[in-house]
Amino acid sequence: MTPPDGGSLDESGATANGSGELVDGGNPDGGNPDGGNPYGGNGVRPGRRHDAFGSGGTGDTSGFGRLVAPAPVLAASERPFGDSDADAVYDALERVFPQLGDAVERAVVDRGELTLHVRRESLPALAQTLRDDPGLRFELLSSLSGVDYPDDITGRRLHSVVHLTSMTYRRRLRLEVSVADADPTLPSLTSVWPTADWHEREAYDLFGIVYTGHPGLTRIMMPDDWIGHPQRKDYPLGGIPVDYKGATVPPPDERRSYS
Amino acid sequence: MTPSTSAPHTSTAQPTNGTAQPTDGSSAYEAGFTESAAGRVYTVTGGDWEEILGAGEQDAERIVVNMGPQHPSTHGVLRLVLEIEGETVTETRLVIGYLHTGIEKSCEYRTWTQAVTFLTRADYLSPLYNEAAYCLSVEKLLGITDDIPERATVIRVLVMELQRISSHLVWLATGGMELGATTAMIFGFREREKILDLLELITGLRMNHAFIRPGGLAQDLPDGTERAIREFLVDMPKRIREYHRLLTGQPIWKARMVDVNVLDAAGCIALGVTGPVLRAAGLPWDLRKTMPYCGYETYEFDVPTALEADSFARYLVRLEEMGESLKIVEQCLDRLRPGPVMVADKKIAWPAQLSIGADGMGNSLAHIRNIMGTSMEALIHHFKLVTEGFRVPPGQVYTQIESPRGELGYHVVSDGGTRPFRVHVRDPSFVNLQAVPALTEGGQVADVIVGVASVDPVLGGVDR
């Protein structure tokens, strides 16, 4: 775990809600989707988390300082992971899925949970193997959720995170696929786990991730004619009008905060 | 019901839409219709069936019926779109989202502790499970899972199991009412009220307790709790036997449920269905046994299962589970030892010291006197922890626990800040509802009600 460190003053100073361009490199509209490991070896991903107390160096504790702390990311873990379940899953996968090196960008073991960062082209074949192989047997897709990382250095800000459960071996596994805002498509898992249906509709509705091959990718939480994807970090939030001299309570992302 | 007031006209004059015109032209409820690729589609808002469609209508067998979103047997604002031929349902489609309040998004703008207050309102029949699963996730992110005091964990298990009974009782009550068994409704709510009284005694609130907090509990058990729970433990087994006497052999109850809405274990797993529905299909998958948390591996209880995979089997499994929960509650009481209920780390532990004052629950006067009068540092610390909150090291975890409806999972992401970067609730009702088409298609309209009830969805959790 790398703590946030090395904060610097935000040069633009125009936004306080964390949206904006990347600090160095990376094309926010989808650069480097297939390149090598952009995370480097130190495990810290440069990012743009506006932060008051978490960034060092300036002593500004007001909450209005618009300081920027790098958003850390977990680096790839070394084999063997030192976690029996994670090693067992990865070993079994290596035996039966020869293209594993190409399919998995990074494997991270953190807090006893194995995360495979999977390239989207490889997802269907990998998913089928995970479900059907007798040494893996991930029968149950427990959960599928979107996460929006606006500062992802690869430019692929939308992450689709799948949690699998092997009821046979009582193990869990997390698959994470990231796509760019400009091309937010990845293959649907509904043909492998039918339960992915509503999960993927929810991720599409709230994050705008498009699952190709889904039988009916429509909005599920928001009304059909809704515009935008509300759980993205840059989705505009509303303030609250106050019945006194026309005042308003500002939207949550513009209020004073310490995060 | 809005009677059509448009002027009479023939459908040939306006081929795209219009009003069904009875031959005598006397109807007050004329059905509007539109022409579509699939044929003429009528929109019926009320009136007598024969008047609406006319005697000569030939394609009247295929009818689309909206059940909900305000239908009393949809467990909240769930909308079912049924395509029926006669009494047979040929297609079921579910429409959800009417109760979407953006709980997950709201959590991203509050501190880690404040998020509990939102999440407890997701599945409002099992709020303590939401709190527990979220707090276990945060504690795993913080790396303090092993530091949670024993007493706090035991009380968590205690209140969760009490709530499992109350949740199953609401299922029994509402499910019974939907089938016309109003006595089941009265019985279910009667006993649930006793559990709500216990939870009110313990947490101060009947629902949406915000009692379980990251690091432990909001407060310790008040005096007299153990006696009240023990009285309940004596009373409740008699009540469960009463339900069996009332319902288990009752011919109407069985006729409505036996061999209705069958879904086998393979179908359950493919559709992600967990909880009593899966166990009623024969698979003893209970996370308390298979992937234990909160020390469940040290409690003695059984996992009831059934093989029939129908609605009646789900009823029996839930009734048995109430008895098993009573066993766990009793073991919790035996294990209660004096001790702290919040983690010792003062950088995480909520600083309030609650007590009952003259004007109700609040910070204890001794605590106020200490921080206001004698310790400037304690005051600063209290202020910072409450307004700013604590930082959580970056990373993501997924924690799953066995709620009354199945696997309740929390995917929590931290970016190292004082607020959650992302909280996703894998709500069992949301996933289990996907099985309703498989349960109801090919059956009768009346069985749709049984099917939805046997899944036991709570729309607060479905829509979040």
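Chemist: Is there a simple way to think about the sheet that holds strand β13 (residues 422-426) of chain B in this case?
Modeler: Residue and element names in this part refer to chain B. The strand order across the open sheet built from three strands is β11-β12-β13, with neighbouring strands paired in antiparallel fashion. Sheet topology places β11 (395-403) and β13 at the edges, where each strand pairs with a single neighbour. Averaged over all pairs of adjacent strands, the angle between strand axes in this sheet comes to 15 degrees, irrespective of strand direction. As defined by bridge partners, β11 adjoins strand β12 (residues 406-414) across nine bridges and the pair is classed as antiparallel. In the sheet register, Gln396 faces β12, and the bridge partner there is Val413. The sheet strands contacting helix α4 (residues 127-142) are β11 and β12, and the helix crosses β11 at an angle near 150 degrees.

Chemist: How should the interface of chain B and chain A be read in this particular structure?
Modeler: Reports of interface size often rely on the accessible area that becomes lost once the parts have come together. Taken together, the 39 residues of chain B in the interface contact 39 residues of chain A. Of all elements in the fold, only α2 (103-107), α9 (265-270), β11, β12, β13 and α15 (428-432) of chain B reach the threshold of two or more residues within the side of chain B that touches chain A. Of the residues belonging to the side of chain B that touches chain A, the class tally is 14 nonpolar, 14 polar and 11 charged.

Chemist: Sorry if this is basic, but what is going on with the environment of Val95 of chain B here?
Modeler: Residue and element names in this part refer to chain B. By the secondary structure assignment, Val95 is in strand β6 (residues 88-95). Look at Val95 and you get partly exposed, because 15 C-beta atoms sit within 10 Å. Distance in space between the C-alpha atoms of Val95 and Pro69 is 8.4 Å, their sequence separation being 26 residues. Leave out the neighbours within four places in its chain, and Val95 touches Arg79 and Val81.

Chemist: Explanation requested: the packing of helix α5 (residues 150-178) of chain B against helix α6 (residues 182-203) of chain B in the structure shown.
Modeler: For any two helices packed against each other, the geometry comes down to the angle between their axes and how far apart the axes lie. Residue and element names in this part refer to chain B. The N-to-C vectors of α5 and α6 enclose an angle of 155 degrees; their axes lie 8 Å apart at closest approach. By the angle between their directions, the pair α5 and α6 is classed as roughly antiparallel. Crossing angle aside, the handedness with which α5 passes α6 is left-handed. In this structure, α5 contributes Val159, Leu162, Gln163, Ile165, Ser166, Leu169, Val170, Leu172, Ala173, Gly176 and Met177 to the contact, and α6 contributes Thr182, Ala184, Met185, Gly188, Phe189, Glu191, Arg192, Ile195, Leu196, Leu198, Leu199 and Ile202. A class-by-class count of the residues in the contact of α5 with α6 yields 16 nonpolar, five polar and two charged.

Chemist: Explanation requested: the sheet that holds β6 of chain B in the structure shown.
Modeler: Residue and element names in this part refer to chain B. With antiparallel pairing, the three strands of this open sheet are ordered in space as β4-β5-β6. The open sheet terminates on both sides in strands that have one partner only, identified here as β4 (62-67) and β6. The average undirected angle you get between the axes of adjacent strands in this sheet is 20 degrees. Both β4 and strand β5 (residues 79-85) contribute to a ladder of six bridges, which runs antiparallel. Each residue of the ladder has a partner; that of Arg62, found in β5, is Glu85. Here helix α17 (residues 445-455) sits on the sheet and contacts β5 and β6; the angle it forms with β5, its principal contact strand, is near 150 degrees.

Chemist: What should I look at first to understand the nonpolar core in this one?
Modeler: The nonpolar side chains of a soluble globular protein tend to be buried, and buried together. Within the largest apolar cluster, 161 residues are counted, with the highest numbers of intra-cluster contacts made by Leu119, Ala132 and Val159 of chain B. Here Leu119 of chain B is in contact with Ile103, Cys107, Asn130, Glu131, Tyr134 and Val425 of chain B, once residues within four sequence places are set aside.

Chemist: Can you walk me through helix α14 (residues 376-387) of chain B in this structure?
Modeler: Taking 1.5 Å of rise per residue, 12 residues should cover 16 Å, and α14 of chain B covers 16 Å from first to last C-alpha, within 8% of that figure. A positive backbone phi angle near 85 degrees is found at Gly389 of chain B, which sits one or two residues after α14 of chain B.

Chemist: Would you mind showing me how to read the confidence of the model for chain B here?
Modeler: Close reading of the predicted structure is inappropriate where its pLDDT is low. Residue and element names in this part refer to chain B. When pLDDT is averaged across chain B, the result is 84; 88% of the residues are at 70 or more. With pLDDT under 50 throughout, residues 1-27 is counted as low confidence; its partners more than four residues away or in other chains account for 38 contacts. Here the predicted complex scores 0.81 on pTM and 0.80 on ipTM.

Chemist: Please clarify how the pairing of strand β8 (residues 171-179) of chain A should be interpreted in this entry.
Modeler: All names here are of chain A. With seven of nine residues buried, β8 is to be regarded as a mostly interior element. Pairing of strand β5 (residues 113-118) with β8, which is carried by three bridges, proceeds in the parallel orientation. Following the sheet pairing, His117 is matched in β8 by Glu176. As judged from the nine bridges shared by strand β7 (residues 158-166) and β8, these two strands associate in the antiparallel manner. Note that in β8 the partner of Leu164 across the bridge is Leu173. Counted along the chain from β7 to the antiparallel partner β8, the turn is four residues long, and its residue Arg170 has a positive phi close to 55 degrees.

Criteria and cut-off values
- Residues numbered from 1 in each chain as written.
- Chains lettered and ligands numbered in written order.
- Predicted model: local features only at pLDDT ≥ 70, side-chain atom pairs only at ≥ 80, totals over all residues.
- Pairing = 2+ DSSP bridges.
- Helix = DSSP H or I, 4+ residues; strand = E, 2+ residues; numbered from the N terminus.
- Axes fitted to C-alpha atoms, helices over the stretch in contact; angles between N-to-C directions.
- Contact = placed C-beta atoms within 7 Å.
- Nonpolar A, V, L, I, M, F, W, Y, C, P; charged D, E, K, R; others polar.
- Buried ≥ 20, exposed ≤ 12 C-beta atoms within 10 Å, placed from the backbone.
- Parallel < 35°, antiparallel > 145°, perpendicular 65-115°, else oblique.
- Left-handed = near helix turned anticlockwise from the far one by under 90°.
- Core = buried A, V, L, I, M, F, W, Y, C linked by C-beta atoms within 7 Å.
- Expected span 1.5 Å × (residues − 1).
- pLDDT = per-residue confidence, 0-100.

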